[in-house]
Structure formats: structure tokens, C-alpha cells
Amino acid sequence: MTRVRGRRHLKLLDRYAGIPGIALLGLRRKRAFPREVGRIGLMKTAAIGDTTLLAGLVDDVKLTFPRARLTLVSGPDNAGVVPLLGAAVDDAITVSPTRLAKSVRALRDLELDVLVDFGSWPRFDALLAALSGARFTAGFETGGQFRHYAYDLAVPHSERVHERANYVALLRAIGVVATTPP
């Protein structure tokens, strides 16, 4: 496994290429939530601890969209925790900021109706969401990060609440009521 988090050159690339890239992608018209949802991607590319917070929420997504195929999109640093998230996950893929073209291709191959980005900081995640080919994307608007422009729906990320509460707010915005405990 290659360690990705904390690499200085990736942080610089994220900041100086990510912000203008996301701003350009954000110029397109925002799309409405699809009437029929057959494939949903849940993306969390880093942070093992924060990824485990998705455990009960994945079940809630499946309860809201019982016919949808759920794919969890992780990164190399947190892919090992994906099997712990429960039986509601149908598929899992791993993407990497060191392989942008391959990551975009993998997401496009999923032909997602909805992609929910649970990352709150990396612009790489927002860039992937914008380039994913998903019919609808949702993610966080995090203060000072300029990562929300390319989403169809951006939900404010709060540092005043537990991260799981932020995840619940993001899912609520797409119609998922989170009741399953972690």
C-alpha cells in the first residue's frame, strides 16, 4: 500500500491546480436530483476513522433507495476499512490522487446516477466528483477550501458538530433520513 495522505507535493497540487480546476468545472449548469436512482456512489478517499462513521449511514442510504446499487469509493489509505461498513455496500473501488486519469475512468465506468462526496477538505475529491460522469453530485462547502463550486448540491460543513452530524446533514439534503446507529 502506498501512503498518500500528508505528501507535500500533493497538497500543493491540490491547492494550486485544484482551485482553478474546480472553479472552471463549476461554470456548468447545476443539475436536479434524478427522478430514478439506480446507482449511487458514496466517496470517502481518506481518513480511516471518518470512513468508519459511514457504517450505519450506508444502511440508511440503502433503506431510502432499496433498488439502488451502492458503491463505496475509497482511497488507498482507507480502503482496508471498507469491508467493515456492512452488507449494504454492493461494490467498492479505490481511487488515488497519484493516478487521476485512472481514477476518473474508474468512476465513469460505474455510470452513477448520484455521487455523494463525504470528503470535507481535499479538492481532489471534488474534482473527481465533477469529472465522474454522475448525473448528480453532492458534497460539502467547507470554509476557505473553494471545493464546492462543481457540485450540483453543496451542503455547509460545520466544525462545530461531530463529523457524523455533517454526514447526516449531507445525506438529509438528498432525502436520506439517518436513523441507523453507527
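The notes below deal with the structure included here. By convention here, each chain's residues receive numbers from 1 onward along its written sequence. At least 70 in pLDDT is required for a residue's local features to be given in this predicted model, at least 80 for side-chain atom pairs to be given and counted, and no such filter applies to totals for whole chains, interfaces and linings, which use all residues. Side-chain measures were taken over the full set of non-hydrogen atoms in the model, leaving aside hydrogen atoms and water.

1. Overview of the pattern of salt bridges
Selection criterion: By definition, a salt bridge exists where a carboxyl oxygen of Asp or Glu is found within 4 Å of a side-chain nitrogen of Lys or Arg. Secondary structure is summarised from DSSP: a helix means a run of H or I of at least four residues, a strand means a run of E of at least two, and numbering begins at the N terminus for each. Using a 1.4 Å probe on the protein chains alone, a residue whose accessible area is under 20% of its type maximum counts as buried, one over 50% counts as exposed, and one in between counts as partly exposed.
Under the definition given, this model contains 5 salt bridges. The partner of Arg-31 in a salt bridge is Asp-152, with the nearest N and O atoms 2.7 Å apart. Of this pair, Arg-31 sits in the loop between helix H2 (18-25) and strand S1 (39-43) while Asp-152 sits in the loop between strand S5 (136-141) and strand S6 (153-156), and the two are 121 residues apart along the sequence. Owing to a relative accessible area of 28%, Arg-31 belongs among the partly exposed residues under this scheme. Overall, Asp-152 belongs to the buried group, its relative accessible area being 11%. Arg-135 serves as the salt-bridge partner of Asp-113, at 2.7 Å between the closest nitrogen and oxygen. Separated by 22 residues along the polypeptide, Asp-113 in the loop between helix H5 (100-110) and strand S4 (114-117) and Arg-135 in the loop between helix H6 (123-131) and S5 bring together distant segments of the chain. Judged by relative accessible area, which is 11%, Asp-113 ranks as buried.

2. Some words on the packing of aromatic side chains
Each aromatic ring pair is specified by the distance between its two centres and by the angle formed by the two planes. Worth spelling out the cut-off: Ring pairs are drawn from Phe, Tyr and Trp, using the six-membered ring of Trp, whenever the two centres fall within 6.5 Å, and their geometry is named by plane angle: stacked under 30 degrees, edge-to-face over 60, tilted for the rest.
Under the defined criterion, the tally for this structure stands at 4 aromatic pairs. With a centroid separation of 5.1 Å and 75° between ring planes, the pair formed by Phe-118 and Tyr-167 is classed as edge-to-face. Residue Phe-118 is located in the loop between S4 and H6, and its partner Tyr-167 is located in helix H7 (residues 163-172); the two are separated by 49 residues in the primary sequence. You can call Phe-118 buried: its relative accessible area is 1%. What links up through ring pairs into an aromatic cluster is the set Phe-33, Phe-65 and Phe-136.

3. Details of the nonpolar core
Soluble globular proteins tend to bury their nonpolar side chains together. Here is the rule we go by: Grouping buried Ala, Val, Leu, Ile, Met, Phe, Trp, Tyr and Cys residues that are joined through side-chain atoms within 4.5 Å yields what is termed a nonpolar core. The contact rule is simple, with two residues in contact once any of their heavy atoms fall within 4.5 Å.
Ranked by internal contacts, the top residues of the largest apolar core, which has 30 residues, are Ile-40, Leu-42, Leu-54, Val-61 and Phe-118. For this core, the elements supplying multiple residues, two or more each, are S1, helix H4 (55-64), strand S2 (69-74), S4, S5 and H7. Look past the residues within four positions of Leu-42 in its chain and what remains in contact with it is Val-58, Val-61, Thr-71, Leu-72, Val-73, Leu-115, Val-116 and Phe-118. If you look at the next biggest cluster of nonpolar residues, it comprises 19 residues, including Val-104, Ala-129, Ala-130 and Ala-134.

4. A few points about the packing of H5 against H6
To keep things clear, this is the line we draw: An axis is simply a line fitted to the C-alpha atoms; with a helix, the fit covers only the stretch in contact. Between two such axes, the angle follows the N-to-C directions and lies from 0 to 180 degrees. Our angle categories are set so that under 35 degrees counts as roughly parallel, over 145 as roughly antiparallel, 65 to 115 as roughly perpendicular, and the remainder as oblique. Take the far helix as your reference; a near helix turned counterclockwise from it by less than a right angle gives a left-handed crossing, and one turned clockwise gives a right-handed crossing. Residues are sorted three ways: Asp, Glu, Lys and Arg are charged, Ala, Val, Leu, Ile, Met, Phe, Trp, Tyr, Cys and Pro are nonpolar, and all the rest, Gly among them, are polar.
The interhelical angle for the contact between H5 and H6, taken along N-to-C directions, is 45°, at an axis separation of 9 Å. It follows that H5 is oblique to H6 by the angle criterion. As for how H5 packs across H6, the hand of that crossing is right-handed. Counting all contacts with H5, which are made through Leu-100, Ser-103, Val-104, Leu-107 and Arg-108, the residues of H6 involved are Phe-124, Leu-127, Leu-128 and Leu-131. Taken together, the residues that form the contact of H5 with H6 break down as 7 nonpolar, 1 polar and 1 charged.

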